[in-house]
Every structure is written in C-alpha cells, then in structure tokens.
Amino acid sequence: MATLETRNLVIDIPGRADGRPLSLCLAPGQRWGILGPNGAGKTTLLHTLAGLQPPRAGRVYLDGAPLASHKRKAVARCLALVFQERQDGFPATVLETALIGRHPFLAPWQREGAEDLRLAREALAALAVDHLADRLVTTLSGGERQRVAIATALTQTPALWLADEPTNHLDLHHQVAVMRLLADQARRGATVVMGLHDLNLAARWCDHLLLLFPDGQHCAGPAEVMLEPRALERLYGQPLTMTRVGGAPVFVPTPDPGDPVDHDR
Ligand SMILES: Nc1ncnc2c1ncn2[C@@H]1O[C@H](COP(=O)(O)OP(=O)(O)OP(=O)(O)O)[C@@H](O)[C@H]1O
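This one's a predicted model, so the numbers in the text were calculated from it and none came from an experiment.

Caption draft 1: Spotlight on the pattern of salt bridges. Within the structure shown, the criterion is met by 10 salt bridges. In this structure, Glu115 engages Arg118 in a salt bridge whose closest nitrogen and oxygen atoms are separated by 2.6 Å. With Glu115 and Arg118 both in helix H4 (residues 114-126), this residue pair falls 3 residues apart, about one helical turn. Residue Glu115 is classed as partly exposed on the basis of its relative accessible area of 44%. Given a relative accessible area of 38%, Arg118 falls into the partly exposed group.

Caption draft 2: Empty space enclosed by the protein, seen in detail. The full count for this structure, using the stated rule, is 2 cavities of 30 Å³ or more. Empty space within the largest cavity amounts to approximately 150 Å³. The wall of the largest cavity is formed by 17 residues, among which Ile11, Asp18, Arg20, Leu212 and Gly216 lie closest to the centre. Residues of the lining of the largest cavity, tallied by class, amount to 10 nonpolar, 3 polar and 4 charged. Its volume calculated, the second largest cavity comes out at about 60 Å³. Forming the boundary of the second largest cavity are Thr6, Leu22, Leu24, Leu26, Trp32, Gly33, Ile34, Leu45, Leu49, Val193 and Leu210. Breaking the lining of the second largest cavity down by element, the ones donating at least two residues are strand E2 (22-26), strand E3 (31-35) and helix H1 (42-49). For the lining of the second largest cavity, the residue count by class is 9 nonpolar, 2 polar and no charged.

Caption draft 3: Geometry of the state of the cysteines. One pass over the structure, following the stated rule, counts 0 disulfides. The closest cysteine sulfur to the non-disulfide-bonded Cys25 is located on Cys78, 14 Å from its own sulfur. When its relative accessible area of 41% is taken as the criterion, Cys25 is described as partly exposed.

Caption draft 4: Layout of helix H9 (residues 229-236). Buried within H9 are the following residues: Pro229, Ala231, Leu232, Glu233 and Leu235. Next to the buried residues of H9 lie E3, helix H7 (199-205), strand E9 (208-212), helix H8 (223-226), strand E11 (240-245) and strand E12 (248-253). Among the residues trailing H9, Gly237 stands out with phi positive, at a value near 60 degrees.

Rules behind the numbers
Residues numbered from 1 in each chain as written. Predicted model: local features only at pLDDT ≥ 70, side-chain atom pairs only at ≥ 80, totals over all residues. Heavy atoms only, no water. Salt bridge = Lys/Arg side-chain N within 4 Å of Asp/Glu carboxyl O. Helix = DSSP H or I, 4+ residues; strand = E, 2+ residues; numbered from the N terminus. Buried < 20%, exposed > 50% of the residue type's maximum accessible area, 1.4 Å probe, protein only. 1 Å grid on protein atoms, 1.4 Å probe; cavity = no way out; pocket = protein on both sides within 12 Å on 5 of 7 lines; lining within 4 Å. Points joined across faces, edges and corners; volume = space filled by probe spheres on them. Nonpolar A, V, L, I, M, F, W, Y, C, P; charged D, E, K, R; others polar. Disulfide = S-S within 2.5 Å. Contact = heavy atoms within 4.5 Å.

Written out as structure tokens, the structure is:
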C-alpha cells in the first residue's frame, strides 16, 4: 500500500507562473488520470511525483514522509515508472529487460533467482509478450516495446504506478488490456496514476481525475464530477459532444460545418 500526497506543490516549468499550488492525496485502490492539453505539465508532474525532478515549491509525501527522506531503494521497491522516453542503450533481451524490475530487491552482487524469473515471465505473459522473451528489445515494434515497459513495471510488484501515457503505441485491444491490468492492480490495493491524452480512456477507467490547465491552474476530484463537458472543452479549447456507451460518458470533438464528413456513408 502506498499513499502519495502533494502539499502546496508547484511543478517547475521554466517561464511559467506558479499557478495554484497542488494539494492532493492519491490513495491505495484509486485510479487517477491526469488530463491536460499538450504542454500542460502532465509529464513534469509525474516526474516530480517520482522524485526525478525537484518541485519549484511544496513537497511530495510518500506514506506521510517527504519523498526525499525515503531511501531511494525503498522508493524503487514501491514505485514503478512507465515513461514515454526510453533509452534502449544496450542490447538487452525482453526477459532481461523485465528482470530489471527485480533489481530494487536484489543486492548489487546478487543474481536474479527462480522467484524473480517467475515474476518476470508472468508479467511478460500478462502483457502478451512472453513469446518475445529472447528477442532484443531494440528489434521490437513501438507497441511491443511499450508492453515490455509495462511488464517490467509489473515485475516490480509496485504499490504505486506512475504511468505516462501507458497506452502509447498500443492498438485498441492492447489499450483495453493494459487499462484492465492497471484497474486490476488498483483492485489489489495499488495506487495508479496515469497521464492520459485519451479522454475516453480516462472516462472509462479512472475513478479520479486531475485536470491540468496550461496556466498552472487545476481542478481535481472524483471522475463523475470532473467529466463535465464545459470544463473539458475549456481544458482542451475544443467543443465536445458527449454521449454514453454502457453508462460511461464518451466524448467526441463536435464536428465543424467545414469538416469533410460524408453523411451518406
Ligand atoms: N527543460 C525545459 N526547458 C524549458 N521548458 C521545458 C523544459 N522541459 C519541459 N518544458 C516545458 O514544460 C511544459 C510542460 O511539459 P510537459 O512535458 O510536462 O507537458 P505535457 O502535459 O506532458 O505535454 P504533452 O501532452 O505534449 O506530452 C511544456 O511547455 C514544455 O515545453
């Protein structure tokens, strides 16, 4: 279990005014989506929550203590990161990459054991990349690489997921599979925080939302309150039409009379 809190947090975006400081509590079992237009600061916030980037003001707390006061290894045992940029600097196989998720649990001289291998193979199977175990990650497609990154995080058995665009590069089937996996992680008590571009994935899979505006303003709360079409239109600067499918709201950009739409199809 891991509770992440921000108290009067201002993320450090060069040249931007402070905006409104962010005070949030992200609790075990919750699925948070961070929404906002390009450049709003979703990635910067996730990096700040992970302790990879210092805030301009305020603090991040993990289980009641400042994140910086925890030993880095203890943080690595509890917090998994799935980030957009990824360096495949050396030619590791898919299995070796997934096993990186076990490193926080091993001493520097220790090799991975049978249990580590079991967890890695299970994670690769959960992301449907087990058949690629012996392939070099540098040879994978974008979607396969993304699923290996999520499998590596899963191998870590984290209490807290910070995932920037977890569905990046994924086709529709794998988008749903990954969102189901993260929902299952939350059901088992993990805290799940995702930066998302897809409003409809957020509407369907998140129970809490943080709307980040490019001027540093924000609003946050339960998804059913945050999914207010006027607020979302303001967030994206885009007129939206909402409908419901299976009870969940679905948003599409409102067609403009000038758009090339063939109504006879
Ligand atoms: N090193 C830097 N120097 C100057 N500006 C930066 C730097 N790093 C990030 N920024 C700016 O900070 C802002 C927030 O970037 P960030 O990547 O957090 O946004 P985002 O919401 O994740 O965007 P996107 O949806 O495009 O991924 C952007 O305007 C970006 O250009």
